[in-house]
There are 2 protein chains.
Amino acid sequence: MKIRVAQKPPDAYQHGDLREALIDAGVKLLTEGGLAQLSLRAAAQLAGVSHGAPYRHYRDKAALVAAIAERGFRTLTKAMRDELERSGARKAGRKLTALAVGYVAFATAHPAYLQLIFGSGLSKEDAPESLRAAGEEAYLVLRDVVEAGIRAGELRKGDTDEVALACWSLVHGLSMLFIHGAVPKPETAKLERALTERVVLLLGEGIEV
Amino acid sequence: MKIRVAQKPPDAYQHGDLREALIDAGVKLLTEGGLAQLSLRAAAQLAGVSHGAPYRHYRDKAALVAAIAERGFRTLTKAMRDELERSGARKAGRKLTALAVGYVAFATAHPAYLQLIFGSGLSKEDAPESLRAAGEEAYLVLRDVVEAGIRAGELRKGDTDEVALACWSLVHGLSMLFIHGAVPKPETAKLERALTERVVLLLGEGIEV
DNA sequence: CCTACCGATCGGTAGG
DNA sequence: CCTACCGATCGGTAGG
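Quantities reported herein were computed from a predicted structural model and do not represent experimental measurements. (Residues numbered from 1 in each chain as written. Chains lettered and ligands numbered in written order. Predicted model: local features only at pLDDT ≥ 70, side-chain atom pairs only at ≥ 80, totals over all residues. Heavy atoms only, no water.)

**Quick look at the overall build of chain A**
Put simply, the test is: The numbering of helices and of strands both runs from the N terminus, where a helix is a DSSP run of H or I of at least 4 residues and a strand a run of E of at least 2. Note on exposure labels: buried denotes an accessible area under 20% of the residue type's maximum, exposed denotes more than 50%, and partly exposed covers the range between, all computed with a 1.4 Å probe on protein chains only. Throughout, a contact is declared for two residues whenever any of their heavy atoms are within 4.5 Å. Each accessible area value is a Shrake-Rupley result obtained with a 1.4 Å probe; residue values ignore everything except the protein chains displayed when judging cover.
Along the backbone of chain A there are eight helices and zero strands. Starting at the N terminus and ending at the C terminus, chain A contains elements arranged as α-α-α-α-α-α-α-α. The buried share among the 209 residues of chain A stands at 49%. Looking at chain A alone, contacts between residues at least 24 apart form 65% of all its contacts between residues at least 6 apart. Total accessible area computed for chain A in this model is approximately 11,100 Å², and 52% of it derives from carbon and sulfur atoms.

Following this line, the structure appears as structure tokens:
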């Protein structure tokens, strides 16, 4: 005889929005165990439903993955916007620094999102439209700042997308190196922020004589 | 009665070096199907041996993954050194550009390596010593160029590791964005190279006025 | 939304 | 280095 242990989380969703609850569960799995731990079945269990239930809301696993990635983009966009506002920056250089700090903080706080967005088989072609849009929105936060900076004469003249690409690459790369542990990760959020600011400053001023 | 179809590749390894053959197989799996397709069993099949055989050479799956990642680092190091030599660059700015071109070319030619190195659970702590050393060697190629550049007065004075971190972040981020398709990937290697050079130039000269 | 089931794959081990 | 086996997990579907 098998003892049946209650595995349903005490506060699983209650008839409410299983669709959202599954995303929550997926994020949790991702955060705690990485990409390999993300499965529809485990998400269903975490949400307190049977493993057949998710198919009422998602056609297949890829659909849930896309939904999680979409939320990731939205969270990232918000993190950047919040930091931008919080900083009260008015000049392009300061604004870009704020965006960078927001991006890196998001990345190190939720490494699973970046792993999912950039690490899974989600390539741009077969991504659902809403996911593509969420990614585009995040990019536009950066692009707008760059464009305004060039127009205001605070950034050197140049192709807006190319300058934005340089900023994005720098910050994304820094985030990935932090996440992977390739760089000794600063021990406090404050130190992380300071290092991020110095690295961004290098892009601002240039490293050559 | 079951028809037995020959699944052994015609030119699988022959009693030679199964250890190396399994790495080859793993790289192939990774390249063709991404991280999710990498399994010890599939690698064994590709190498033409039974699925129990790999355990004679690798304690577990993680050991094979580490071996593949190590080869990835060595290939990357070679790609950077080759491009550096090929360029004939003598000044730091040109050298850094060459390293960047080599890095990005490696990344887009072998996206699976970067996915494995930076995307799997290989964190710095539990990595075998040889893997850590291979990663360090790749970093030193960059660091040496930066250090020499600062000493020669071709790069602004500053913390060597911090400047190197900025370079690495920029190039790594650019590579990841290319791989993921977040940026419209240049259609030819020549265009990719040109874009990489322009982005690196932005770091060299700075984007602020 | 559940139970029961399918085929497939996996990591790993025993025993030779 | 092979065969045979283990327990586990997975995505997905049928049928209710």
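Okay, back to it.
**Comments concerning the relation of the copies chain A and chain B**
Cut-off, in case you're wondering: Each copy is superposed on the other by least squares, with the fit set by C-alpha atoms of residues at a pLDDT of at least 70 in both.
Superposition record for chain A on chain B: RMSD 0.0 Å, screw rotation 180 degrees, translation along axis 0.0 Å. Such values leave the two copies arranged in the relation of a two-fold axis. Taken as a fraction of all interface residues of chain A, those also at the interface in chain B reach 100%, which identifies the copy contact as same-surface.

**A short note on the interface of chain A and chain B**
As a reminder of what qualifies: Two parts placed together each lose some accessible area under a 1.4 Å probe, and adding up what both lose gives the buried area. Counted as salt bridges are all cases of a side-chain nitrogen of Lys or Arg within 4 Å of a carboxyl oxygen of Asp or Glu. N or O atoms within 3.5 Å of each other form a polar contact, as long as, within protein, one can give a hydrogen and the other can take it, and as long as residues adjacent in sequence are counted only when both atoms are side-chain atoms. Three categories are distinguished: nonpolar for Ala, Val, Leu, Ile, Met, Phe, Trp, Tyr, Cys and Pro, charged for Asp, Glu, Lys and Arg, and polar for the others, with Gly belonging to the last.
If you look at the interface, chain A gives 41 residues, while chain B gives 41 residues. Overall, the association of chain A and chain B removes approximately 4,000 Å² of surface from exposure, summing both partners, and the carbon and sulfur fraction of that is 65%. Per-residue buried area on chain A facing chain B is highest for A:Arg156, A:His180 and A:Ile207; these three make up 18% of the total on that side. Connecting chain A to chain B are four salt bridges. Salt-bridge contacts for B:Arg198 lead to A:Glu162; the nearest nitrogen and oxygen are separated by 2.8 Å. Linking chain A with chain B are 20 residue pairs in polar contact (both at pLDDT 80 or more), by the criterion used here. Sorting the residues of the side of chain A that touches chain B by element identifies helix H4 (92-109), helix H5 (111-119), helix H7 (160-180) and helix H8 (189-205) of chain A as the ones contributing at least two each. Top contributing element to the side of chain A that touches chain B by residue count: H7(A), with 14 residues. Classifying every residue of the side of chain A that touches chain B gives 22 nonpolar, 12 polar and seven charged.

**Some words on the nonpolar core**
The condition is simple: Here, nonpolar core refers to any group of buried Ala, Val, Leu, Ile, Met, Phe, Trp, Tyr and Cys residues whose side-chain atoms link them within 4.5 Å.
Counting residues in hydrophobic clusters, the biggest one holds 140 residues, and the most contacted among them are A:Ile68, A:Leu96, A:Trp168, B:Ile68, B:Leu96 and B:Trp168. Residue contacts for B:Trp168: discarding those within four places in its chain leaves A:Leu177, A:Ala182, A:Val183, B:Tyr103, B:Phe118, B:Tyr139, B:Leu142 and B:Gly173.

**Structural notes on the environment of A:Ala164**
Within the secondary structure layout, A:Ala164 lies in helix H7. In this structure, the C-alpha to C-alpha distance between A:Ala164 and A:Val145, residues 19 residues apart in sequence, is 8.8 Å.

**Some points on H4(A)**
What counts is decided by this rule: Helix span, expected: 1.5 Å multiplied by one less than the number of residues in the helix.
For H4(A), which comprises 18 residues, the first-to-last C-alpha distance of 25 Å matches the rise-based estimate of 26 Å (1.5 Å per residue) to within 8%. Judged by how many residues are buried, H4(A) sits mostly within the fold: 14 of 18 residues are covered.

**Focus: the packing of helix H1 (residues 18-33) of chain B against helix H2 (residues 40-47) of chain B**
Residue and element names in this part refer to chain B. To keep it simple, the criterion reads: The axes are straight lines fitted to the C-alpha atoms, using for helices just the contacting stretch, and the angles between their N-to-C directions are given from 0 to 180°. Should an angle lie under 35 degrees it is considered roughly parallel, over 145 roughly antiparallel, and from 65 to 115 roughly perpendicular; all remaining angles are considered oblique. A clockwise turn of the near helix away from the far one marks a right-handed crossing, whereas an anticlockwise turn of less than a right angle marks a left-handed crossing.
Running from N to C, H1 and H2 point in directions that differ by 110 degrees, and their axes come no closer than 8 Å. Between H1 and H2, the crossing angle belongs to the class labelled roughly perpendicular. H1 and H2 meet at a crossing whose hand is right-handed. Counted together, Leu18, Ala21, Leu22, Ala25, Gly26, Lys28 and Leu29 of H1 and Ala42, Ala43, Ala44, Leu46 and Ala47 of H2 form the full contact between these two elements. Here the residues of the contact of H1 with H2 sort into 10 nonpolar, one polar and one charged.

**Considering the domain arrangement of chain A**
All names here are of chain A. To keep things clear, this is the line we draw: Domain start and stop points were drawn from an automatic or database domain assignment.
The domain boundaries assigned to chain A delineate domain 1 (18-56) and domain 2 (68-207). Taking the mean C-alpha position of each, domain 1 and domain 2 sit 28 Å from one another. Of the residues lining the interface, nine residues belong to domain 1; the matching set on domain 2 comes to eight residues. Three residues, Ile23, Leu30 and Leu35, lead the burial of domain 1 against domain 2; their summed loss comes to 58% of the area buried on that side. One can count two salt bridges joining domain 1 with domain 2. For the salt bridge of aspartate 24 with arginine 71, the shortest nitrogen-to-oxygen distance reads 2.6 Å. There are two residue pairs in polar contact (both at pLDDT 80 or more) connecting domain 1 and domain 2.

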